[in-house]
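Next come the chains, spelled out residue by residue.
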Amino acid sequence: MDPQIVAVAGTAGTAIVSAMATDGWQRARGGVVALWQRFRPESADSIHDDFEENRRVLVDSLQAGDEHTHAALVATWNGYLLGLLVAQPQAFDALRQLNAALAQENTGGAHPSMNMTANVSGNGQVFQAGRDQSITQS
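Rules and cut-offs
- Residues numbered from 1 in each chain as written.
- Predicted model: local features only at pLDDT ≥ 70, side-chain atom pairs only at ≥ 80, totals over all residues.
- Heavy atoms only, no water.
- Helix = DSSP H or I, 4+ residues; strand = E, 2+ residues; numbered from the N terminus.
- Expected span 1.5 Å × (residues − 1).
- Buried < 20%, exposed > 50% of the residue type's maximum accessible area, 1.4 Å probe, protein only.
- Arc of directions from axis to C-beta.
- Contact = heavy atoms within 4.5 Å.
- Salt bridge = Lys/Arg side-chain N within 4 Å of Asp/Glu carboxyl O.
- Core = buried A, V, L, I, M, F, W, Y, C linked by side-chain atoms within 4.5 Å.

Caption draft 1: Region of interest: helix α3 (residues 44-63). With 20 residues, α3 ought to run about 28 Å at 1.5 Å a step, and its terminal C-alpha atoms sit 29 Å apart, in line with that. Here α3 has its buried residues at Ala44, Ile47, Phe51, Asn54, Leu58 and Ser61. Each buried residue of α3 sits inside an arc of 105° when the element is viewed along its axis, so together they form one side. Exposed and oriented more than 90 degrees from the buried face of α3 are Asp45 and Gln63. Packing partners of the buried residues in α3 comprise α1 (3-20), α2 (25-39) and α4 (68-87).

See below:
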């Protein structure tokens, strides 16, 4: 599977679950359901119900001090999103847009988002950093 697809699905899964615990959860739900209505309309009602149930579970777990549920829900949403992208590869750009919107919502727009992509073949090397980077090679 394309690593870029896995990365975007993973980042979006985390952003979706994080948004479930904020005041912006309804906008997140709307964005997720709209994505499904566009690319998998037969599953849109089901994804809406899953979002609602997952949000309830997340809020209850956070109130109980259970941090493991968050990770489990992220894994669940990563699976949903990977399934969507495998079935509908053309949803990739729409998911990236949703991810950017959720990231901005989750940070209050305080931090710009960054997306780095690299493709290397043969003996090529890539060095990427979001901030300072020091590379020493012999």
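Caption draft 2: Looking closely at the pattern of salt bridges. The full count for this structure, using the stated rule, is four salt bridges. It is possible to trace a salt-bridge network through shared partners that takes in Glu53, Arg56 and Asp60.

Caption draft 3: How the structure looks around the nonpolar core. Membership of the largest hydrophobic core comes to 32 residues, with the highest contact counts inside it found for Ile16, Val32, Leu35, Trp36, Phe51, Trp77 and Leu95. Elements supplying a minimum of two residues to this core: α1, α2, α3, α4 and α5 (92-107). The greatest single-element share of this core, amounting to nine residues, is contributed by α1.

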